[in-house]
Amino acid sequence: MELFGGILAVKSVVFLTFSVFAIAAVGYAVGKITVKGINLGTAGVFIVALVYGCFLYNNLAAHLTVGDSSFSVEALKIVENMGLIFFVTSVGFIAGPNFFGNLKRNFKSYVLLGAVIIAAAAVTCVACILIGANFTDLTHEEFRAILVGILSGALTSTPAFSASKAAVGADLEALVSVGYGISYLFGVVGVVLFVQIMPKVLKVNMNEEVAKITANAGEGRKKNTRILTELDEFGFAAFSLAAIIGILVGCISYKNFSLTTTGGCLLTALVFGHYGHIGNISIMPKNSTLKMLRELGLMLFLIGAGVSGGAQFIKYFEPVYFLYGAMMTILPMIIGFFIARNVLKLPLLNNLGSLTGGMTSTPALGTLINMAGTEDIASAYAATYPIALIAVVLASQLIILFC
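Residues numbered from 1 in each chain as written. Predicted model: local features only at pLDDT ≥ 70, side-chain atom pairs only at ≥ 80, totals over all residues. Heavy atoms only, no water.

A. Region of the structure containing the packing of helix α4 (residues 140–154) against helix α11 (residues 319–342). For the pair α4 and α11, the least separation of the axes is 9 Å and the interaxial angle reads 45°. Judged by the inter-axis angle, α4 sits oblique to α11. The hand of the α4/α11 crossing is right-handed. In this structure, α4 contributes Phe143, Ile146, Leu147, Ile150, Leu151 and Ala154 to the contact, and α11 contributes Tyr321, Tyr324, Gly325, Met328 and Thr329. Considered class by class, the residues forming the contact of α4 with α11 number nine nonpolar, two polar and no charged. (Axes fitted to C-alpha atoms, helices over the stretch in contact; angles between N-to-C directions. Helix = DSSP H or I, 4+ residues; strand = E, 2+ residues; numbered from the N terminus. Parallel < 35°, antiparallel > 145°, perpendicular 65-115°, else oblique. Left-handed = near helix turned anticlockwise from the far one by under 90°. Contact = heavy atoms within 4.5 Å. Nonpolar A, V, L, I, M, F, W, Y, C, P; charged D, E, K, R; others polar.)

B. Structural view of empty space enclosed by the protein. Summed over the entire model, instances satisfying the criterion amount to two cavities of 30 Å³ or more. For the second largest cavity, the calculated volume is near 70 Å³. Tallied by class, residues from the lining of the second largest cavity come to six nonpolar, two polar and three charged. (1 Å grid on protein atoms, 1.4 Å probe; cavity = no way out; pocket = protein on both sides within 12 Å on 5 of 7 lines; lining within 4 Å. Points joined across faces, edges and corners; volume = space filled by probe spheres on them.)

C. Structural context of the nonpolar core. Leu147, Val307 and Met328 are the most contacted members of the largest nonpolar core, which has 125 residues in total. With 24 residues, helix α3 (residues 72–132) is the largest single contributor of residues to this core. Residue contacts for Val307: discarding those within four places in its chain leaves Ile23, Ala49, Leu50, Tyr52, Gly53, Tyr57, Leu60 and Leu76. (Core = buried A, V, L, I, M, F, W, Y, C linked by side-chain atoms within 4.5 Å. Buried < 20%, exposed > 50% of the residue type's maximum accessible area, 1.4 Å probe, protein only.)

D. Here's a closer look at the pattern of salt bridges. Counting across every chain of the model gives four salt bridges. Residues Lys77 and Glu80 are paired through a salt bridge, measuring 3.6 Å at the closest nitrogen-oxygen approach. Highlighted residues: Lys77 and Glu80, both in helix α3, separated by three residues, approximately one helical turn. The buried category is assigned to Glu80, whose relative accessible area is 7%. The partner of Arg294 in a salt bridge is Glu375, and the shortest N-O contact between them spans 2.4 Å. Taken together, the positions of Arg294 in helix α10 (residues 287–316) and Glu375 in the loop between α13 (362–372) and α14 (377–402) put the pair 81 residues apart, joining distant regions of the chain. Taken individually, Arg294 and Glu375 each receive the classification buried, so the pair is uniform in this respect. Linked through salt bridges whose partners overlap, the residues forming this network are Lys291, Arg294 and Glu375. (Salt bridge = Lys/Arg side-chain N within 4 Å of Asp/Glu carboxyl O.)

This is how it looks when you write it as structure tokens:
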């Protein structure tokens, strides 16, 4: 990008950096727009990133070149992965002190809810494949690949996305990516709006709901009275150590299944947050550090994913695919919310926190925490998320094998 006859020139990696901050600035402004008490929050960053990808991705790719080859895909993946690590590791640390106590009390509820949400999404996907196959010119294998991609996007599940690409084979990987990109938008925005709308529909007293989840979390929270030695003022060393171990755990693979970076970092940070120290050395970052890294991570993740998705959105978009994705997002949410509320009798914020975990929606968790003003919601998310993570990966692979 050159202005004023070349006096001001923004090129190469600097152009990527400039773009990231520009998307963030505009995205937060869009997210702040409120209609009847509802706003997109941080998900506004994703909307702006998607628009940027639709119209300016080629310009970005032209700046990120070595010789005749562009490394824009790799650069955006770095932005996305760094954001994901910042976010899920922060969530793990925040949830850790009261996670295991909360999980012990509500284990059956969280397992059931995570399984039900993914099962509902998988059944919806199978129904769309069986019905939609009669109205497409694609082969059955091609259509199935797109629909499985739509499933992973509707649940904003990167592990399911990766597993689906591996299962369909190299020839159909691109179609999985198309489906993922088309449904990811509603997968993000739909859950973000749902967790804001339901408290208003039910006309609950949010202060009372916050008191319920805070009281429950406090029962399982570990207290430490030791005077601990901190490796650095903000806890970056402990955070980095958890991230390193989490990445390694996520890389462990057995029969094409792994926790991925997301699951590995979340699990490791939960353990770090639960114990809080090794001997007299603190392994718990400051709460202010975790809040900052959580928001920074969410922002970077949405920018990386949004720009990449926007690059192919216009080219492959068909209205019916968006409809399929919306169904795979809405139906599991409604079913999961109904069961959590009427069968499992979970308090509202436990319900919605678990729902964001079952939908594997990190943006919705961020929105819910900001809306309620308490970090204790993260423990419900963290308890349901691993169940949903495993279930959605298995469901995607089973659909490809047997549908």
